[in-house]
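Here is what each chain is made of, one letter per residue.
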Amino acid sequence: MYRIGEEEAREVARVIAARKMFRVAGDNPDHLHEVDRFEEEWARTIGVRHALCLSGGGTAALFAGLVGLGIGPGDEVIVPAYTFMATATAVLLAGAVPVLAEINETMALDPEDVAAKIGPATRAIIPVHMLGIPCDMAALTGLARDKGLKVLEDACQAVGGSFRGKRLGAWGDAGAHSFNDFKIISSGEGGALVTDDLTVYERAAILHDSGTAFRPHAGSFREPIFLGQQMRASEIMGAILRVQRQRLDGILLDLRRVRKEFLAALADVPGLRFAPTNDNDGDCGVAAFFQFDSETAARAFADAPGVGGKLPIDTGKHIYSNWEPILSRRIGHHPDMNPLDHPKNRRLRTEYRPDMCPRTLDITSRSVYVSLNPDWSAETVTARIDACRAAARA
Ligand SMILES: *Cc1c(COP(=O)(O)O)cnc(C)c1O
């Protein structure tokens, strides 16, 4: 979260004063419809037909997307080896099996390795737009079309970003956004699922509302009701997100401006190499990404005075080799509910080893990212750029 202030506070106060914090309207004519309105506005912003806001965050949005797509036991879903663990968690929550694929130098899912990893049980691909960097959605959706696979985008870290002018989340059959505290816009927690597919939307909505116990309009759903969970957003969350949404394009404009200043000022510095990108204009500008020939060189640059760089390999649960509960097969609250032991998953690829994606380990250990801020002053941007230049020379 970069920007929040008086406007959000005022909107929350309004919801509380009205004593209308529950999103379900019933037949109350005074209902505020904050979440309903946010969902309409969000669908329009991303450029899709349907959006569903969830209190459970990006993880819940991914889970709901998979359930919406009908993914479950007996299905493999390809996920990148460089992503927050929640991407794989969501696959397991749906009862399916995550299969790891390598990233390439763009720091995003490598379409060639995805093609190599597709097996007879593969049903879907989850491209993850890490740190606002767009995956090659043309290659990945083309591949999915050829092989009859579904695409669920994990745009949790790339809210508002785009690839070839189309927003991330709108390329796949469905997309997931997160609004937790670390993301581009935020309500503290929360997330959204976006899709053009009414079936996906209805199944996700049923899942997120304890079997639509509370949703009167679920009476019009075509999909049969099943028992679900409770991940409804509150009107307070809706009110905050409506203001945050209005801030989004301004935040992206400034983040991208800062990133492009870094690119322009450091393009010709010997020893400094920017990570190649699938879409320079669509990148959210959350970070400037550099690559080096060795981990030693990457560390020296990251730790140089004033650079504030970070190696992706050091970011804990964002690297598959640190997904300890998955590597040690401790999944689910009860041993008899472990999806990896489901009879339909027994013949699938359920073995996870810390060394199985060596290229991802290599790339993430000789890359450095510098997190950017849309509210840095011109002096701060210049100081950061100068620090990078000095570090490259040293
Ligand atoms: C943050 C994040 C998620 C999960 O989002 P939550 O809102 O914390 O559930 C999923 N995938 C990626 C890549 C993320 O960064």
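Our structure's up above, just so we're on the same page.
The structure contained in this document is the topic of the report that follows. (Residues numbered from 1 in each chain as written. Predicted model: local features only at pLDDT ≥ 70, side-chain atom pairs only at ≥ 80, totals over all residues. Heavy atoms only, no water.)

Things to note about the site of the ligand
Consideration 1: Every one of the 16 residues lining the ligand counts as a neighbour, but Gly58, Thr59, Gln157, Ser178 and Lys183 are closest to it.
Consideration 2: Asp154 has a polar side-chain atom sitting 2.8 Å from a nitrogen atom of the ligand.
Consideration 3: A distance of 2.7 Å is found between an oxygen atom of the ligand and a side-chain nitrogen or oxygen belonging to Ser178.
Consideration 4: Relative to its unbound accessible surface of 380 Å², the ligand loses 93% to contact with the protein.
Consideration 5: With respect to the detected pockets, the ligand is housed in the largest pocket.
Consideration 6: Of all the elements in the fold, those that place two or more residues in the shell around the ligand are α3 (57-68) and α4 (86-93).
Consideration 7: Considering every element that reaches the shell around the ligand, the biggest residue donor is α3, with 3 residues.
Consideration 8: Its residues assigned to classes, the shell around the ligand shows 5 nonpolar, 9 polar and 2 charged. (Near = heavy atom within 4 Å. Polar contact = N/O pair within 3.5 Å; in protein donor to acceptor, adjacent residues only side chain to side chain. Areas by Shrake-Rupley, 256 points an atom, 1.4 Å probe, with all protein chains shown as cover. 1 Å grid on protein atoms, 1.4 Å probe; cavity = no way out; pocket = protein on both sides within 12 Å on 5 of 7 lines; lining within 4 Å. Sits in = over half its atoms within 2 Å of the grid points. Helix = DSSP H or I, 4+ residues; strand = E, 2+ residues; numbered from the N terminus. Nonpolar A, V, L, I, M, F, W, Y, C, P; charged D, E, K, R; others polar.)

With respect to the sheet that holds strand β9 (residues 191-195)
Within a sheet, each strand pairs with its neighbour through backbone hydrogen bonds, oriented either parallel or antiparallel.
Consideration 1: Reading across the sheet, the 7 strands line up as β1-β9-β8-β5-β4-β2-β3 and stay open at both edges, with mixed pairing between neighbours. Each of the sheet's edge strands pairs with one partner strand only, and the pair in question is β1 (50-54) and β3 (97-101). Going across the sheet, the axis of each strand differs from the next one's by a mean of 25°, ignoring polarity.
Consideration 2: The pairing of β1 with β9 spans 5 bridges and is classified as antiparallel. Residue pairing for β9: Leu52 is matched across the bridge by Leu193. (Pairing = 2+ DSSP bridges. Axes fitted to C-alpha atoms, helices over the stretch in contact; angles between N-to-C directions.)

Topic: the nonpolar core
Consideration 1: Trp42, Leu193, Phe262 and Phe290 are the most contacted members of the largest nonpolar core, which has 127 residues in total.
Consideration 2: When residues in this core are grouped by element, the largest group, 10 residues, is from helix α8 (residues 235-266).
Consideration 3: Non-local contacts of Phe262, meaning those with residues more than four positions away in its chain, are made with Phe274, Ala288, Val370, Leu372, Trp376, Val381, Arg384, Ile385 and Cys388. (Core = buried A, V, L, I, M, F, W, Y, C linked by side-chain atoms within 4.5 Å. Buried < 20%, exposed > 50% of the residue type's maximum accessible area, 1.4 Å probe, protein only. Contact = heavy atoms within 4.5 Å.)

Focus: the layout of surface pockets
Consideration 1: By volume, the largest pocket amounts to about 730 Å³.
Consideration 2: Along the walls of the largest pocket sit 33 residues, with Gln157, Asn180, Phe182, Lys183 and His318 positioned nearest its centre.
Consideration 3: Mapped onto the lining of the largest pocket, the elements with two or more residues apiece are α3, α4 and β12 (367-371).
Consideration 4: No other element matches the 4 residues that α3 contributes to the lining of the largest pocket.
Consideration 5: Taken together, the residues of the lining of the largest pocket break down into 16 nonpolar, 13 polar and 4 charged.
Consideration 6: Put simply, the second largest pocket is a space of about 440 Å³.
Consideration 7: Together, 20 residues line the second largest pocket, and Leu92, Leu93, Gly332, Met337 and Pro339 are the ones closest to its centre.
Consideration 8: Elements supplying a minimum of two residues to the lining of the second largest pocket: α4 and α10 (324-327). (Points joined across faces, edges and corners; volume = space filled by probe spheres on them.)

Examining the packing of aromatic side chains
Consideration 1: This model, assessed by the stated rule, comprises 9 aromatic pairs.
Consideration 2: Where Phe38 meets Phe179, the ring centres are 5.9 Å apart and the plane angle is 80°; that geometry is what we call edge-to-face. Placement of Phe38 in helix α2 (residues 34-46) and of Phe179 in the loop between β8 (174-178) and β9 is noted, with a sequence separation of 141 residues between them.
Consideration 3: With a centroid separation of 5.5 Å and 40° between ring planes, the pair formed by Phe289 and Tyr369 is classed as tilted. Residue Phe289 is located in strand β10 (residues 287-291), and its partner Tyr369 is located in strand β12; the two are separated by 80 residues in the primary sequence. Just as Phe289 is buried, Tyr369 falls in that class too.
Consideration 4: Taken together, the ring pairs in this structure connect Phe274, Phe290, Phe292 and Phe301 into an aromatic cluster.
Consideration 5: Lying over the aromatic face of Trp171, Lys166 brings its terminal NZ or CZ to 4.9 Å of the ring centre. (Phe/Tyr/Trp six-rings, centres within 6.5 Å; stacked < 30°, edge-to-face > 60°. Lys NZ or Arg CZ within 6 Å of the ring centre and 35° of its normal.)

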